[in-house]
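Below, each chain spelled out in residue letters.
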Amino acid sequence: MQFSGWQAVVISPSEDQHNEQGMILTPVLSRSSRCVLTCSRQAACVIHLGSKTSGALDRSVLFWLWKACDQFHTSSGMAKSKFEYVKQFEMEDRCLPNCWIVVRIDGKSFHRFCDMHHFVKPNDERALGLMTRAAQTVMDDFKDCVLAYGQSDEYSFVFRKDSVVYNRRASKIMTNVVSLFSSAFVMNWPRFFSTQPLQYAPAFDGRIVLYPTDENLRDYLSWRQADCHINNLYNTCFWKLVQERGLTPVQSQERLKGTLSSDKNELLYSDFNINYNNLPELYRKGTVLIVNQNDEASGSDFAKRTKFKVKILTLHCDIIGRSFWDEHPEILNSKK
C-alpha cells in the first residue's frame, strides 16, 4: 500500500510487549534503507525510504511515518462487521499537545477507611509510606512521569509536555495510573500494616489537568504543598486538643474556628510545648518523588530509562521556592 510514494508493509506480529502508549519507538535504519518501527496496532512495519535516507529522522517525519502505518493497519487489519459502526460513539479525548499532563489521584471516603483500619492521628507514617510505595510503582512503570507529589491520601503525577503515552488519550492515561496505584496499594499493604488485615478494598478517584506553561505547573504543585501545610497545622492542633485535653471532636472544631496560622502555632507552643517548624517535614511538606539523575540509567537519555529500572528519589522538601527547581532543572527541561 502506497502513501505519497512511501511503502508500508506489515511483515510480522510485534514482539514488543509494552508499546500500549501508541506512537512509535526509535526507528532503526538498515543498510537496505528500511525503517523498522513499532506501531500502535502492535505489528512491525517496514517503511522503504529510498537510497539517500540516512541518519536520524526529525520528529515531523517520524510522526508522518506513524500515521501512515496507523492508516495501513486501520484499513487492512481491523475486523469488519455490521456492528463496527458503534465505534463512532467513542469520544475523542486526546490531551492538548505541548502541555504538562497532571494526573491526580485521591482516596475515596478515606475518613471511613482510616477509622476502620485504626490509623494513627493526625499522621500515620505507615499509611504515608504505603502511599509513596504505590506512587513509586507508578513512576517505575510510566517512564514519562518526571515528578510525583503526595500528601495525605492524594498523589499527583506529572508527565512530560511532549509525552505520547497512550497517544495522549486522557481516559487511557488516567485509568491506567489509578488502577496501577490502587493495585500497588493493596499488594504492599502487608509490608506496612503487618498486624492490621485489610478490611475492605480501598478505592481512588482520578482526574487529569493540563498546564500549558512551566509557571502553571509550578503554581499547581505550590497549591498542593500549601494545602498540605494548612491541613497538617489544623489537624495537629485538632488532635492534640482531643487526645491530650479531652475535648470532643465538636469542641475541638469549635475551639479552632476562625483561628489563623499564627494562632494555631501559638496554641501548639503555649499549650503543648510544640514548635510546629520542628515537626517532621514529611508531615509539613509532603513527599516529592523524582528520578535520580546520578543513576546511569536516568538523566536526559530517555532510551536508557525506558530500558533499565532507575532509582526514584524520595524527598521531603519545599517546592514552592526557587531552590528546588534550580537544583533539579532537568524536571522542567525533560524531553525524549
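The model shown is predicted, which means the values in this text are computed figures rather than measured ones.

Parameters and conventions
Residues numbered from 1 in each chain as written. Predicted model: local features only at pLDDT ≥ 70, side-chain atom pairs only at ≥ 80, totals over all residues. Heavy atoms only, no water. pLDDT = per-residue confidence, 0-100. Contact = heavy atoms within 4.5 Å. Pairing = 2+ DSSP bridges. Helix = DSSP H or I, 4+ residues; strand = E, 2+ residues; numbered from the N terminus. Axes fitted to C-alpha atoms, helices over the stretch in contact; angles between N-to-C directions. Phe/Tyr/Trp six-rings, centres within 6.5 Å; stacked < 30°, edge-to-face > 60°. Buried < 20%, exposed > 50% of the residue type's maximum accessible area, 1.4 Å probe, protein only. Lys NZ or Arg CZ within 6 Å of the ring centre and 35° of its normal. Core = buried A, V, L, I, M, F, W, Y, C linked by side-chain atoms within 4.5 Å. Patch = residues over 30% accessible without salt bridge, like charges linked within 9 Å, V, L, I, M, F, W, Y side chains within 5 Å. Areas by Shrake-Rupley, 256 points an atom, 1.4 Å probe, with all protein chains shown as cover. Salt bridge = Lys/Arg side-chain N within 4 Å of Asp/Glu carboxyl O.

Peer 1: Describe in detail the confidence of the model for the protein chain, supporting the description with residues and values.
Peer 2: When pLDDT is averaged across the protein chain, the result is 82; 71% of the residues are at 70 or more. Note that residues 1–56 has pLDDT below 50 and, in this model, 121 contacts with residues that lie over four places away or in other chains.

Peer 1: For the sheet that holds strand S11 (residues 312–315), give the residues involved together with the corresponding values.
Peer 2: Pairing in this open sheet of six strands is antiparallel, and the strands run S9-S6-S8-S7-S10-S11 from one edge to the other. Two strands bound the open sheet, and with one partner strand each, they are strand S9 (204–211) and S11. Ignoring strand direction, the axes of neighbouring strands in this sheet form an average angle of 20°. Taken together, the six bridges between strand S7 (residues 145–151) and strand S8 (residues 154–159) define a ladder with antiparallel strand orientation.

Peer 1: Explain the packing of aromatic side chains to me, using residue names and the numbers behind them.
Peer 2: Under the defined criterion, the tally for this structure stands at 24 aromatic pairs. A ring pair is formed by Phe-119 and Trp-189, whose centres lie 6.5 Å apart and whose planes are at 25°; its orientation type is stacked. Taken as a pair, Phe-119 in the loop between helix H2 (110–116) and helix H3 (125–141) and Trp-189 in helix H5 (residues 189–192) lie far apart in primary sequence, 70 residues in all. Under the relative-accessibility criterion, Trp-189 is labelled buried at 3%. Among the aromatic side chains, those forming a connected cluster through ring pairs are Phe-110, Phe-113, Phe-119, Tyr-155, Phe-157, Phe-181, Phe-185, Trp-189, Phe-193, Tyr-200 and Phe-204. Over the ring of Tyr-200 we find Arg-112; its NZ or CZ atom is 4.5 Å from the centre of that ring. The ring centre of Trp-223 lies 4.2 Å from the NZ or CZ of Arg-224, which sits over that ring.

Peer 1: Break down the nonpolar core for me, citing the residues and quoting the values.
Peer 2: Of all hydrophobic cores here, the largest spans 37 residues; its most connected members are Ile-105, Tyr-155, Phe-157, Phe-159, Val-177, Phe-181 and Phe-185. Secondary-structure elements contributing two or more residues to this core are strand S6 (100–107), H2, H3, S7, S8, helix H4 (170–187) and strand S10 (287–291). Ranked by size, the runner-up nonpolar core spans 18 residues in total, among them Val-102, Val-146, Tyr-220 and Ile-331.

Peer 1: Go over a nonpolar patch on the surface, please, and point to the residues and values.
Peer 2: On the surface, Tyr-85, Val-86 and Phe-89 cluster together into a nonpolar patch covering about 360 Å² of accessible area. By the secondary structure assignment, Tyr-85 is in the loop between helix H1 (59–76) and S6.

Peer 1: I'd like a rundown of unusual backbone geometry, residues and numbers included.
Peer 2: The omega angle of the peptide bond from Lys-121 to Pro-122 is 5°, so this bond is cis rather than trans. With respect to the element layout, Pro-122 can be found in the loop between H2 and H3. The residue Asn-98 is not glycine, and still its phi comes out positive at about 60°. As for its position among the elements, Asn-98 is in the loop between H1 and S6. Overall, the relative accessible area of 55% leaves Asn-98 in the exposed class. Positive phi outside glycine occurs at Tyr-166, with the angle close to 50°. Residue position: Tyr-166 is located in the loop between S8 and H4. With relative accessibility at 10%, the residue Tyr-166 sits in the buried group.

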